[in-house]
Structure formats: structure tokens, C-alpha cells
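Residue strings, one per chain:
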Amino acid sequence: MNTPAISVIELSKHFKQYSRPLDRLLELIPGSRTRHKLHRVLQGLSFDIAKGESVGLIGRNGAGKSTLLKLLTGTLLPSSGIMKIEGRVTALLELGMGFHPEFSGYENVLMAGQLQGMSRDEINSKMDEIIAFAEIGEAISQPVRVYSSGMMVRLAFAVATAIQPDVLIVDEALAVGDSYFQHKCFRRIREFRDKNVTLIFVSHDPLAIKSLCDRAILIEGGYVAMDGAPSQVLDYYNALIAVTKDELALHEEHIITNDSLGSVRSGSGEVRFESVSVSGLAAEGTQFSESDRLELVIVVLVNKRVDDLTIGFMIKDRLGNEVFGTNTHHMGLSEKLDSLVEGSRLKLKLKIDPLGLGEGSYNITVAAHALDSHLAKNYDWLDQAVTIDVGRSNFPRFAGVVRLPVTAEIVDPL
Amino acid sequence: MIGFDVGIATELFRFRNYVVSSIVRDFTLRYRGALGGIALIFFAPAIQIAIYVIVFGNLLKGHLSNIESPYAYSIFLCTGIVFWNFFTELLQAIQGLFLENANLLKKASFPFVVLPVVKLATSTINLLLPLAFIVFFVVAATNVSASNFWYLIIVWFMLSALALSMGMCLCILQVFFRDFRLLTPFALQGLFWCTPIIYPEEVLPIWVIKLMPFNPLYAPFLTAQSAVLDMHIPSLEAWISTLIFITVIAFGAHHLYKKNRADMLDNI
């Protein structure tokens, strides 16, 4: 454990961005000004990874995780800094991309193995094992173009992991194929880990990180934001991704930029949401517990008088499952909303007490529409207007998303 | 040599298995599913040569001074075309290497130098078959001394160096400016007619002949054709522009590659 398997010192990566190709040409003229913008992805990362250590990389989308993996693999070169890796590196980045469609699985396995510097005999000695692991059977002699995407990935994974590397780099892109094969892949990764292979693993799945890694590194804005035990780092990360009040403004900006796509905000605009926020009695920011009271405050601006205005919300879990939703129509507020004149503002306060949600992250979508459903007329629709985190409470624990009114009694022995 | 160091040699050795199977793969890929198989190597040049012989045969026959053989123009032409095809095939293969292998380069970290070596080998094999055919014919039909054929190896070497260095320059530039992919065929067309390949230089005006030594392709083609026709073989001076050109372009390619390697990987 004395010499680290991977040693990274002040590693930086930036990409040059030109607004048009001509700028790149003009820049070649001696003495001309800089015409590119630097997109700084990684800014001075430093860390050591010991031999046999398994490290999880976490961070938001665009934090630079994939760039770091590509640098470690050698498919991208650093802009500055030093990077030392001991031994043979196998990267499971974009599996199967190097396969040639016209050649058979067998020929592709040969090529892929040779690309890793293996000899024909070495590969042939592993061939049965590879075919068995990929569960590809007779199809190995068929051209790869007739393979299903699942077969391709299985074969690619089998080849890539046929020989034990010193360092294994796994991107979460691995999460393809059916769950049966995923389990198999994880088993193999675990086997390598147990054989003292250094593992670098990128995932958004906290469970996978916690179960596979002894250490986690959080990358945020191109820096190492935290480096430590997985549970600790994940907690910090969860707090980070929970949208705070300050970030709400930013979030809204984001929503507006998405306007043209119509995916996040939609609606005809007679009524617009001005702000959507949450607050709670005991809670701070967007961090709640099951026992807290949640107040959802919605401010709408009526641009044009509309009939039968209804405002509704829907709480969804992290995976997009609808947990609970209702609207002013169902709650009997229709008449009060009907009388709104043009240019008036309305502040609507919805209270949920106690919140009653299980631990996890949720988001709230709000909508302004006519009558009891948004199918009639949709004035404004804001997907994922707020994100909240529900943590542990002093209520008795339960599993699942929402508490049901359950009681238990013990009937005397029968 | 330029751009050649111990690192490259060891890399090549480490990936020798990959190099060999890539060559085999290049060939099988080209002729897989084609009924004609390997005979197709001859097919395209044969048609090309037939057209030139029919169109220019009579016109140019008398201009091959001091050669009596009735096959003189055909041999002259075949040699030129076969080497020209080698040169353009290699150049175009090299210039597309980086972009065409983007998938591979993005996925695995392996030395880029492996790829041009593979292309050089496949183009050379493609050259060898028709060239062997020409040599066989020349030996059978004329009395050219066998030692002349050594010159063909020099020609092969020089044309390879030209195609590799020019191809690498274009290959690097192409990553940033895709225009080059479209422009190269026109440039090659121009070069083709600017060089005495299908016509003997004697048909040109005197002032153009005087300019010829500045064309880096002039010496290789003249040497190849003189060798097979047993004409006067150009001296070393004729090669000066070729050698200077190769040196400058190879240095340029090397410099461009060193300087832009990281950017190239970012851009594919």
C-alpha cells in the first residue's frame, strides 16, 4: 500500500470552444488575439488512490466525472497537471463502440483483445470463457451487425474483463442490459475488487457506491469537493443536489431557457406562475422530515381573465412515480379563483401537515389550467418546480413512499 | 527519421498482433461479399489503363523517344498508373484515419502510429500484385536488365514518404477543418495532370519541362517509368525537390501532431 496505484496532481482539463471554424484559422495567424473561450472542466484535481482501493466518483451531470475517467484511460490528454497510473488499465467506458459490424463476434473479440495488447493465443485460451460469460453461444460466428444491443454489450464486457487488470475503470454507462446481466457484471467487478484490483467507479446510484467502494470522491465544479467515506460524501452530495432557495432563481432561469423546447414549461400563458416555493415549520430550506409541516406557496399572475381557473400540484418521487396530487377544484376553491381580474396576483398556500412522505427526494410539479384537469386548457405548467428532500423523523420508521394509517395489535395466543 | 523514436518502435512491437490482424481485416473487409474477390485489385486499373491506351495510345506513341517496342506506351502507362494509384490510395487512407477511427480512439487508448502503418502495408500489398504483373510482362517481352527493378523500391519508398507526410498533415487539419476532405480529390486531380504519368514529358512545351524538377512527384514517376523502359534513369539532382518537400512536410506534420494531439482528441 506504499506506492499509490493512481496518483493525480493538480490535474486540469479545459476545452477550447470556437464559435465558428473560421476563428480557429484566424487564430493561427501570428500575433492575432485569442478567439476561443476556455471551457474549464477540471481545475486542479489532486488525489492518490492506493493499490486495491475501490473509489466511487460522484458529482452532478457535467461536473467532470466522465472527463476525469477519459483522462485516466488516456483517451483524452490533460491540459496541465501530472497523472501517474501503475499497471494495466481496463476501462469500461463506452462498451462495444469499437466493434466492426461486418465481422463476426469471434473476429471482433480477437481485435478487441489485441487492442489491449493480448496475443492471439492468449485470447483463444480465454475464448470459451468469454463466450460463456457473454452467453452468446452460436451467435459468436455471426456478424456483429445482427446482434442485439444487449448481446453486443455483453460480449464487450466479457472481452474487456477477460484478463484481470491492475486498475479497472467503470462508468455507470454499464447500467445496460437486463438486470440479470447487470448482477453478473457487478459480481465480476466485485471479484476483481476482492483480488486487490484498484477500482474507480462512477455512478449516481448511492447504493452501488456504498456497497462497492471504500472511499468516495465528490467532484463539483471541476474541483474535489469532498473525499472520504462513501456514506459521508453521499450525505454531503445529497444536501448539495437538494435545491436551495438561492438556487431556485437559477432553476427558474433554467426552466425559462427550456421554454422553446416546451418540455419543462408549457402552457398558453393567460396565467403564469411567478414563484413557487416551499417552507416548513421546523424545516430549513428544502430539507424536511416526515413529521414536518410542508407549506407550498404559489404566486400566480393573471395576464388575462380566464374562466374556471384551477391550480394544482403533483408530488413525484425521484424516479418520476406520481405520489400524490390534487388541485383547487377538488378542494372546493373554484369560486374564489373565478373572480380574478386581469393583472391581479394570487398567492396560494397549500399545507400538508404532517408531510407523511418516506425518506427520499421528491419534486413538485405545478399547473394552472381550466376545470378539474389540465386536459381542458393548460395555462401554465411547470415541471419539477421545487425539489425537496425528506430525511428521517422521530416518527416510527416505515418502508416505502407514503405512510398509511396502520395499527398493530397482538391478539392473545390462539 | 522525423517523428521516429524508440517509443514508436516499442509501441509498434507491443501492438504487432493488432497490426497484423488489422492488415488482414482491411483486406477481407474490402473483398468480403464481392464475388470477384482478389481479382478486383486488377479490375479498376485495367479499365483505367485500357481507356488511356485507346485514347492516347496512337497520339503519344512516337513521343517515347528511343523506344522501339510496340508495348512501350502501355508499359509506360501501366507503371505510372499503378504507382499513382498507390500514392493516392495511401494518401487518402491516411488523411481520413483520425476521423474514421474516432470510435476506436475514443474508446481505447492505443498508439495512433499503429494506424498509418496498417494503411501503408495494405496499400503496398495492393501495389505489389499489379506491379509484379508489369515486371513479369516487361521481363518476358523486352530485354530490360533485372537490376533496373531495384529503382522501383526507391520509388515506392519515396512515394510512401510523400503520401504519409502529406496525408498526416491533411489528417490533422481535417479534424479542425472538414473542408480538406472535399478539397483533396481536386488537388489530386491537378497533381495527376501536372505530372508526366500518362503522357511523356516530351509532349509539353519547353518552359513547362523546365519547371518540372520543382514538382516533387516528377522524380519518382520518371524514375519508375525509365527503369521499366530501360531509358536514362534520372540522377540524384532530379530528386532534390522531392527530398526537400518530404522533409519540410514531414517536419510540419510532426510539429502539427505534437502540438495539436490533445485538441484533436477533444474534437473527435
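Note that this is a predicted model, so its numbers are computed, not measured. (Residues numbered from 1 in each chain as written. Chains lettered and ligands numbered in written order. Predicted model: local features only at pLDDT ≥ 70, side-chain atom pairs only at ≥ 80, totals over all residues. Heavy atoms only, no water.)

Looking now at the overall build of chain A. Across its full length, chain A carries 10 helices and 18 strands. With 414 residues in all, chain A has 44% of them scored as buried. Looking at chain A alone, contacts between residues at least 24 apart form 71% of all its contacts between residues at least 6 apart. In the form shown here, chain A has an accessible surface area of approximately 21200 Å², with 52% of it arising from carbon and sulfur atoms. (Helix = DSSP H or I, 4+ residues; strand = E, 2+ residues; numbered from the N terminus. Buried < 20%, exposed > 50% of the residue type's maximum accessible area, 1.4 Å probe, protein only. Contact = heavy atoms within 4.5 Å. Areas by Shrake-Rupley, 256 points an atom, 1.4 Å probe, with all protein chains shown as cover.)

All names here are of chain A. Spatial ordering of the open sheet is given by 5-6-7-3-8-9, a layout of 6 strands whose pairing is mixed. Strands with a single pairing partner mark the edges of an open sheet, and in this sheet they are strand 5 (89–92) and strand 9 (223–228). Sheet twist, expressed as the mean angle between neighbouring strand axes with direction ignored, is 15°. Inspection of the sheet shows strand 3 (residues 54–58) paired to strand 8 (residues 215–220) by 4 bridges, in the parallel sense. Following the sheet pairing, V55 is matched in strand 8 by R215. (Pairing = 2+ DSSP bridges. Axes fitted to C-alpha atoms, helices over the stretch in contact; angles between N-to-C directions.)

This next bit is on the sheet that holds strand 1 (residues 4–18) of chain A. Strand-to-strand pairing in sheets goes through backbone hydrogen bonds, with the strands running parallel or antiparallel. All names here are of chain A. Spatially, the 3 strands line up as an open sheet ordered 2-1-4, and their pairing is antiparallel. The open sheet has two edge strands with one neighbour each: strand 2 (36–50) and strand 4 (80–85). For this sheet, the mean angle separating the axes of adjacent strands, direction not counted, is 25°.

Another aspect to go through is helix 8 (residues 150–176) of chain B. The end-to-end C-alpha distance of helix 8 of chain B, which contains 27 residues, comes to 40 Å, matching closely the 39 Å that a straight helix rising 1.5 Å per residue would cover. Here helix 8 of chain B lies mainly inside the structure; 19 of its 27 residues are buried. (Expected span 1.5 Å × (residues − 1).)

Glancing now at helix 2 (residues 65–73) of chain A. Residue and element names in this part refer to chain A. Across the 9 residues of helix 2, 7 count as buried, placing the element largely inside the fold. K65, T67, L68, L69, L71, L72 and T73 are the residues of helix 2 that are buried. A positive backbone phi angle near 100° is found at G74, which sits one or two residues after helix 2.

A few words on the confidence of the model for chain B. Within chain B, residue pLDDT values average 85, and 91% of them lie at 70 or more. Mean pLDDT across the elements of chain B ranges from a minimum in helix 1 (residues 6–14) of chain B, with 76, to a maximum in helix 8 of chain B, with 93. (pLDDT = per-residue confidence, 0-100.)

On the side of chain B, 25 residues touch chain A, which itself brings 27 residues to the contact. Area buried by chain A at its contact with chain B is led by R24(A), M111(A) and L115(A), which between them contribute 26% of it. Here chain A is connected to chain B by 2 salt bridges. On inspection of chain A and its partner chain B, the count reaches 3 residue pairs in polar contact (both at pLDDT 80 or more). Counting only elements with at least two residues in the side of chain A that touches chain B, the list comes to strand 1, helix 1 (21–27) and helix 3 (105–115) of chain A. If one sorts the elements of the side of chain A that touches chain B by residue count, helix 3 of chain A sits on top with 5 residues. Residue classes in the side of chain A that touches chain B are distributed as 10 nonpolar, 11 polar and 6 charged. (Buried area = accessible area lost by both parts, 1.4 Å probe. Salt bridge = Lys/Arg side-chain N within 4 Å of Asp/Glu carboxyl O. Polar contact = N/O pair within 3.5 Å; in protein donor to acceptor, adjacent residues only side chain to side chain. Nonpolar A, V, L, I, M, F, W, Y, C, P; charged D, E, K, R; others polar.)

Residue and element names in this part refer to chain A. The residue D308 is located in the loop between strand 13 (294–302) and strand 14 (309–317) in this model. You can call D308 partly exposed: its relative accessible area is 34%. When the C-alpha positions of D308 and K377 are compared, they lie 9.8 Å apart, and in sequence the two are 69 residues distant. Filtering out sequence-adjacent residues up to four positions away, D308 remains in contact with D338, H369, A370 and L371.

Helix-helix packing is described using two parameters, namely the angle between the two axes and the distance between the axes. Residues and elements named next belong to chain B. As a packed pair, helix 4 (residues 72–95) and helix 11 (residues 218–229) sit with axes 9 Å apart at the nearest point and diverge in direction by 140°. Classified by the interaxial angle, the pair formed by helix 4 and helix 11 is oblique. Here helix 4 and helix 11 pass one another in a crossing that is right-handed. Note on element contacts: helix 11 touches helix 4 through F221, A224, Q225, V228 and L229, opposite A72, I75, F76, T79, G80, F83 and W84. (Parallel < 35°, antiparallel > 145°, perpendicular 65-115°, else oblique. Left-handed = near helix turned anticlockwise from the far one by under 90°.)

All names here are of chain B. Its place among the elements puts A238 in the loop between helix 11 and helix 12 (240–267). The exposure class of A238 is buried, given its relative accessible area of 18%. Between the alpha carbons of A238 and P216 there is a distance of 9.2 Å; along the sequence they are 22 residues apart.

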